[in-house]
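# Remarks on the overall topology
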Amino acid sequence: GAWVRAGTTERPTGGYMVVRNAGAADDRLVGVRCDAAGTAEVHQTVTEGGEAAMLPLAEGLVVPAGGEVELKPGGYHVMLMALRRDLVAGETVPLTLEFEVGGEVVVEAEVRPVTAMDGDSGG
């Protein structure tokens, strides 16, 4: 169920999914790569004083043993910056998730249109 918002080379965009850890030990999502983006990072949206900021998670994102973490608009998400090409609704883009213990996992993310419900920001 991974997906990213459609986007243009002028603006960053966000990627979302549920990350599951079937292992017996916690793991950590420490990085992400996407050929369509110059930079891809794991971010968290934080709201302070009515202002939302999207901050990179320098330590990565812990995925508990036998559990899951949802990456969704307004929360944890993948931030795709410096897009190398427009991302058009209906296509798919591969995201390579880098885990501290589990290594690399490639997921195909569906590009979905921006809607009024989720605005036009990246996170």
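Right above here is the structure, for reference.
So, here is what we can say about the structure in this document.

The rules behind these values
Residues numbered from 1 in each chain as written. Predicted model: local features only at pLDDT ≥ 70, side-chain atom pairs only at ≥ 80, totals over all residues. Heavy atoms only, no water. Helix = DSSP H or I, 4+ residues; strand = E, 2+ residues; numbered from the N terminus. Buried < 20%, exposed > 50% of the residue type's maximum accessible area, 1.4 Å probe, protein only. Contact = heavy atoms within 4.5 Å. Areas by Shrake-Rupley, 256 points an atom, 1.4 Å probe, with all protein chains shown as cover. Lys, Arg positive; Asp, Glu negative; His and termini not counted. Charge placed at Lys NZ, Arg CZ, Asp CG, Glu CD. Phe/Tyr/Trp six-rings, centres within 6.5 Å; stacked < 30°, edge-to-face > 60°.

## Comments concerning the overall build of the protein
Assigned secondary structure in the protein consists of zero helices and 10 strands. What you see in the protein, going N to C, is helices and strands ordered as β-β-β-β-β-β-β-β-β-β. Projected onto its principal axes, the C-alpha coordinates of the protein cover approximately 40 × 35 × 25 Å. Every one of the 123 residues in the protein was classed for burial, and the buried ones make up 37%. Excluding contacts between residues fewer than 6 apart, the proportion of contacts in the protein whose partners are at least 24 apart in sequence is 69%. Counting only carbon and sulfur atoms, one obtains 51% of the accessible surface of the protein, whose full area is about 6600 Å². Charge separation in the protein, taken as the distance between the mean sites of 9 positive and 19 negative side-chain charges, equals 3 Å.

## Some details on the environment of A6
With respect to the helices and strands, A6 occurs in the loop between β1 (3–5) and β2 (13–20). Separated by 47 residues in sequence, A6 and A53 place their C-alpha atoms 20 Å apart. Excluding its chain neighbours within four sequence positions, the residues that come into contact with A6 are T13, L87, A89, V111, R112, P113 and V114.

## Comments concerning the packing of aromatic side chains
Where two aromatic rings form a pair, the distance of their centres and the angle of their planes describe that pair. For the coordinates displayed, the defined rule picks out one aromatic pair. Ring plane angle 40° and centroid distance 4.6 Å describe the contact between W3 and Y16, whose orientation is recorded as tilted. Of this pair, W3 sits in strand β1 while Y16 is found in strand β2, placing the two residues 13 residues apart along the sequence. Here W3 and Y16 have matching classes, each one buried.

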